[in-house]
Amino acid sequence: MTINRRLLLLILFTLLIFVIRFMNINEALYDDEANFAYSLTVMDALGFNHDFPSPQPFNLLFKPLIFLFGLEVWVFRLIPLFFGVVNTFLVYLFTARNFGRREAFFATILMLIGFYPTLASLQLDVEGNFVLFSFLLLMFSYVEAEKAENNKKKNIWRIVGGLSLGLAVILKYNAVYIVGAITLHSLILKRGDIKAVFEDLFLLYGVGFVLFITHLGLAFVASSGDWLNYTPLFSWYNGFENAYQAKEIALYGVSLLGIIMFALWATPLLLGFYFLSFFHLIQRRNKRELLLILWITVAILFYTFFMTSGSLDRYFMNTIPAMAILGGIFLSSLSFSRTEKWYGVTLTFFSLFFFFLLNSIPFKYIPRLPNIYFQELQKGNSHFLFSYTSASGPTFGINFTILLLVFLIAYSSLFLYIILNWWSSWKRRAIKSEGTYLFVTFLAVSIAFNLFLVTEYVVHPTGVDVSTVKEEMINYVFNEKLAYPIYTTDSGMMWYFNHQHWAESKKPDGNVLGIPDYETEEGDDVSEVTLRSIQRRGGTILLVNWPPIPEESHAWQIVKHCRLEREFFSKGQLVGAIYACDVQNNSI
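Residues numbered from 1 in each chain as written. Predicted model: local features only at pLDDT ≥ 70, side-chain atom pairs only at ≥ 80, totals over all residues. Heavy atoms only, no water.

Caption draft 1: How the structure looks around the overall build of the protein. Within the protein one finds 26 helices and nine strands. Taking all 588 residues of the protein together, 56% fall into the buried category. Taking as baseline every contact in the protein between residues at least 6 positions apart, the subset at least 24 positions apart corresponds to 72%. When the accessible surface of the protein is split by element, carbon and sulfur atoms take 63% of a total near 25800 Å². (Helix = DSSP H or I, 4+ residues; strand = E, 2+ residues; numbered from the N terminus. Buried < 20%, exposed > 50% of the residue type's maximum accessible area, 1.4 Å probe, protein only. Contact = heavy atoms within 4.5 Å. Areas by Shrake-Rupley, 256 points an atom, 1.4 Å probe, with all protein chains shown as cover.)

Caption draft 2: Highlighting the state of the cysteines. Evaluation of the coordinates by the stated rule reveals one disulfide. There is a disulfide in this structure between cysteine 562 and cysteine 581, and the S-S distance comes to 1.9 Å. Disulfide cysteine 562 to cysteine 581: torsion about the S-S bond roughly 100°, handedness right-handed. Placement of cysteine 562 in the loop between helix 26 (554–559) and strand 8 (563–570) and of cysteine 581 in strand 9 (residues 573–581) is noted, with a sequence separation of 19 residues between them. Here the two residues cysteine 562 and cysteine 581 agree in accessibility, since each one is buried. (Disulfide = S-S within 2.5 Å.)

Caption draft 3: Seen up close, a nonpolar patch on the surface. Taken together, the side chains of Leu7, Leu8, Ile11, Leu12 and Leu15 define a hydrophobic patch exposed on the protein surface, amounting to about 460 Å² of accessible area. With respect to the helices, strands and loops of the structure, leucine 12 is situated in helix 1 (residues 3–22). (Patch = residues over 30% accessible without salt bridge, like charges linked within 9 Å, V, L, I, M, F, W, Y side chains within 5 Å. Salt bridge = Lys/Arg side-chain N within 4 Å of Asp/Glu carboxyl O.)

Caption draft 4: Layout of the packing of helix 4 (residues 73–98) against helix 5 (residues 101–113). Two numbers describe how helix 4 lies on helix 5: the axes approach to 8 Å, and their chain directions differ by 155°. Between helix 4 and helix 5, the angle is such that the two are roughly antiparallel. You can see that helix 4 and helix 5 cross each other, and the crossing is right-handed. Residues Thr88, Val91, Tyr92, Thr95 and Ala96 of helix 4 touch helix 5, and the partners they reach there are Arg101, Glu103, Ala104, Phe105, Ala107, Thr108, Met111 and Leu112. Residue composition of the contact of helix 4 with helix 5, grouped by class: eight nonpolar, three polar and two charged. (Axes fitted to C-alpha atoms, helices over the stretch in contact; angles between N-to-C directions. Parallel < 35°, antiparallel > 145°, perpendicular 65-115°, else oblique. Left-handed = near helix turned anticlockwise from the far one by under 90°. Nonpolar A, V, L, I, M, F, W, Y, C, P; charged D, E, K, R; others polar.)

Caption draft 5: The arrangement of the environment of glycine 576 in detail. Inspection of the secondary structure puts glycine 576 in strand 9. For the pair formed by glycine 576 and leucine 542, sequence separation is 34 residues and the distance between their alpha carbons is 7.2 Å. The contact partners of glycine 576, leaving out residues within four places of it in the chain, are Val469, Met473, Leu543, Val544, Asn545, Glu567 and Phe568.

Caption draft 6: Focus on the side chain of threonine 401. Structurally, threonine 401 can be placed in helix 20 (residues 400–426). When near neighbours in sequence (up to four residues on either side) are disregarded, threonine 401 contacts Leu358, Ser382 and His383.

Caption draft 7: Quick look at the pairing of strand 7 (residues 539–544). Buried residues dominate strand 7, accounting for six of its six residues. As paired elements, strand 7 and strand 9 share six bridges and run antiparallel to each other. Following the sheet pairing, threonine 540 is matched in strand 9 by alanine 580. (Pairing = 2+ DSSP bridges.)

Caption draft 8: Spotlight on the packing of aromatic side chains. Applying the stated rule across the entire model yields 60 aromatic pairs. Ring centres of phenylalanine 140 and tryptophan 157 lie 5.5 Å apart, and the angle between their planes is 70°; on these two criteria the pair is classed as edge-to-face. Remark: tryptophan 157 occurs in helix 8 (residues 151–171) and phenylalanine 140 occurs in helix 7 (residues 129–147); sequence separation between them is 17 residues. The exposure class assigned to phenylalanine 140 is buried, which follows from its relative accessible area of 7%. With a centroid separation of 5.6 Å and an interplanar angle of 80°, the aromatic rings of phenylalanine 386 and tyrosine 388 are classed as edge-to-face. As far as burial versus exposure is concerned, phenylalanine 386 and tyrosine 388 are alike and both buried. For arginine 6, the ring lying beneath its charged end belongs to phenylalanine 105, and the centroid distance is 5.8 Å. It is arginine 21 that lies over the ring of phenylalanine 18; its NZ or CZ is 4.6 Å from the centre. (Phe/Tyr/Trp six-rings, centres within 6.5 Å; stacked < 30°, edge-to-face > 60°. Lys NZ or Arg CZ within 6 Å of the ring centre and 35° of its normal.)

Caption draft 9: Fine view of the pattern of salt bridges. Summed over the entire model, instances satisfying the criterion amount to ten salt bridges. Note that lysine 147 is salt-bridged to glutamate 144, the shortest N-O span being 3.5 Å. Taken together, the residues lysine 147 and glutamate 144, both in helix 7 and three residues apart, mark about one turn of the helix. Across the pair glutamate 376 and lysine 379 runs a salt bridge whose closest N-O atoms are separated by 3.8 Å.

Caption draft 10: A look at the nonpolar core. By size, the foremost hydrophobic cluster in this structure holds 145 residues, and its most contacted members are Ile178, Phe273, Tyr388 and Phe449. In terms of residue count, the dominant contributor to this core is helix 14 (residues 257–284) (15 residues). What phenylalanine 449 contacts, discounting residues up to four positions off in sequence, is Thr267, Pro268, Phe355, Tyr388, Ile398, Ile402, Leu403 and Val406. (Core = buried A, V, L, I, M, F, W, Y, C linked by side-chain atoms within 4.5 Å.)

Caption draft 11: Structural detail: the environment of phenylalanine 302. By the secondary structure assignment, phenylalanine 302 is in helix 15 (residues 290–305). Along the chain, phenylalanine 302 and glycine 180 lie 122 residues apart, while their C-alpha atoms are 9.4 Å from each other. Among residues more than four places away in sequence, those in contact with phenylalanine 302 are Asn174, Tyr177 and Met307.

Caption draft 12: Representation of the confidence of the model for the protein in the model. Residues with a pLDDT of 70 or more make up 86% of the protein, whose mean pLDDT is 84. Under a pLDDT of 50 for its full length, residues 232–252 has, in the predicted model, 39 contacts with residues more than four places off or in other chains. (pLDDT = per-residue confidence, 0-100.)

Caption draft 13: Quick peek at helix 4. Over its 26 residues, helix 4 runs 38 Å from end to end, which matches the ideal 38 Å to within 8%, given 1.5 Å per residue. Two residues or fewer after helix 4 comes glycine 100, characterised by a positive phi angle close to 135°. (Expected span 1.5 Å × (residues − 1).)

And the structure:
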């Protein structure tokens, strides 16, 4: 295949993927997305939200669209979708300029079929494609500055890189870890010459710092009286020490939670190429891929030893382009026989069919609690719901058996391939065909898993369609003119009933209030406020039972004070229910 034909194929495949992603543009808001929707509703002329810490540059992007089309969910999703296109192009451009067009072709394919890049293209959240864009532009500029032949070009790229760094940190402060990766890379390239490193990075870091300080100054100008309350640097509610301490799966300040979430969201397909590249770095000491490896490695160290709690699944995802590029580099170096290609294609389609089959047969639907997962596994049952969800989504789940099989088969094949590769290299022999089949097995199963996740997320062929149920519940309230206040377990639904929900939900007399759902040991104060409001004012409860709410949850105790209005099902599963609460029928 010629380069032109390959590029044409890539363009057509890219268009197809983004048309498929576009199908999901009106998906119901997730939990955290409602906070960003609120921020876009109340932002001032400069894009600041004065009572919710959301990034001002992110808000500003939406102003023209909101002015033209109003506050609509599909409008909110246009910006991440647009940056999904831009980031895909940047991955291709970065790879083509630094490694080759064949490598760029495979890297872009991995970005297009990857689960998280699909999610980021539809997710109203800065950890998605906007931060990803900042990282990509920073790395592109840094490498271009290194390659530039004169100081003028070097400084231009350093300024662009500095602006990208400043933007990334403004959007998400934990993005500052990338400074460690770039500094280490420069130190290695300059053989420890600190003076040379300082000369190379001073302008880049200086511009980034100035942009960050300028942003803080703009926040002060926007609202000098309360700017400390809505500028994220000073608005962490519990302070840095408490908000970012080791919690789940942690020992002596070291947390494995981030690595576990990283493995789940990157999937074996992308994380596997990081392992392969790391092995080759040790084996061959080839510095060509060093920056990409440091990009990922420093993130792993940062979220394991320093920032060990929060939405770690999303925090890690700005490493996705690095893994995709490493994958493109590795795949471009391989050649397969006709038999190996047919084996890979057959195994991919068989695995994909098998995953959908497993996800369509009955399995146990359980709450999204790790201790319940472990209890089921101890009983010898792996056929239970695993929720591929986080604070801001997505709201879908899969049969845990699929996850178990994928991780077992993919990583076993991969590490056996690495061992065989190392052995062949040590013996100075060509790797045997058995080794190639191991790699093809890893690749086929991993690709099938990503295609399965993307399909379930976008069109839900075998899994529960939570978004449609939520839309049905919302429409039912409006069509039947059910009574306010609205009480709901899903904060993503709040925005639909009151665009000012974030501020008003904190008031006892607000017309949209939240109900604790997953917290089985916490939430007594919120539950008491909700019950008193129901007793005094009545209203309507919208209970979203996805993932299934634990039996001990306060939500089930609250709905007992009201009568069932209607239940909503998807694929035979109870996903939502509406309860009518009459003032005279409620008591605490």
